[in-house]
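What follows is each chain in one-letter form.
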Amino acid sequence: MNNKDKIRKLLENALPLVDFDSEFLFSELDSLGVTTILMVLADEFNIQMEATDATPRNLKSIDSIVALVEKKLSEKHD
């Protein structure tokens, strides 16, 4: 399972009412949803998520969330 599939499955389980295929994913999220996403990803991938990561750009779509996780993982290994 690639990161995108894994992340999608994790987030769909955590937030079953959110449409992760939406082009405007960030606009569907409330502050609890945003916090939940950051916490789930931080726990699963053992990465540090900051409040500054909770931007519309980072949470725009499942692809942008995957890109954020992969960036954090690469920073962690540097």
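Read on for a plain summary of the structure. Values in this document were obtained by computation on a predicted structure and should not be read as measured data.

### Comments concerning the environment of Leu25
Tracing the backbone through its elements, the reader meets Leu25 in helix 2 (residues 25-28). Every residue in contact with Leu25, bar those within four places of it in the chain, is listed here: Val18, Asp19, Phe20, Leu59, Lys60, Ser61, Ile62 and Ile65.

### Let's talk about unusual backbone geometry
Look at Asn46: it is not a glycine, yet its phi comes out positive at around 55 degrees. Mapped onto the elements of the fold, Asn46 is located in the loop between helix 3 (31-45) and helix 4 (62-77).

### Let's talk about the side chain of Arg8
Take Arg8: it is sitting in helix 1 (residues 3-14). We classify Arg8 as buried; its relative accessible area is 17%. Beyond its immediate sequence surroundings of up to four residues, Arg8 is in contact with Phe20, Asp21 and Ile62.

Calculation rules
- Residues numbered from 1 in each chain as written.
- Predicted model: local features only at pLDDT ≥ 70, side-chain atom pairs only at ≥ 80, totals over all residues.
- Heavy atoms only, no water.
- Helix = DSSP H or I, 4+ residues; strand = E, 2+ residues; numbered from the N terminus.
- Contact = heavy atoms within 4.5 Å.
- Buried < 20%, exposed > 50% of the residue type's maximum accessible area, 1.4 Å probe, protein only.

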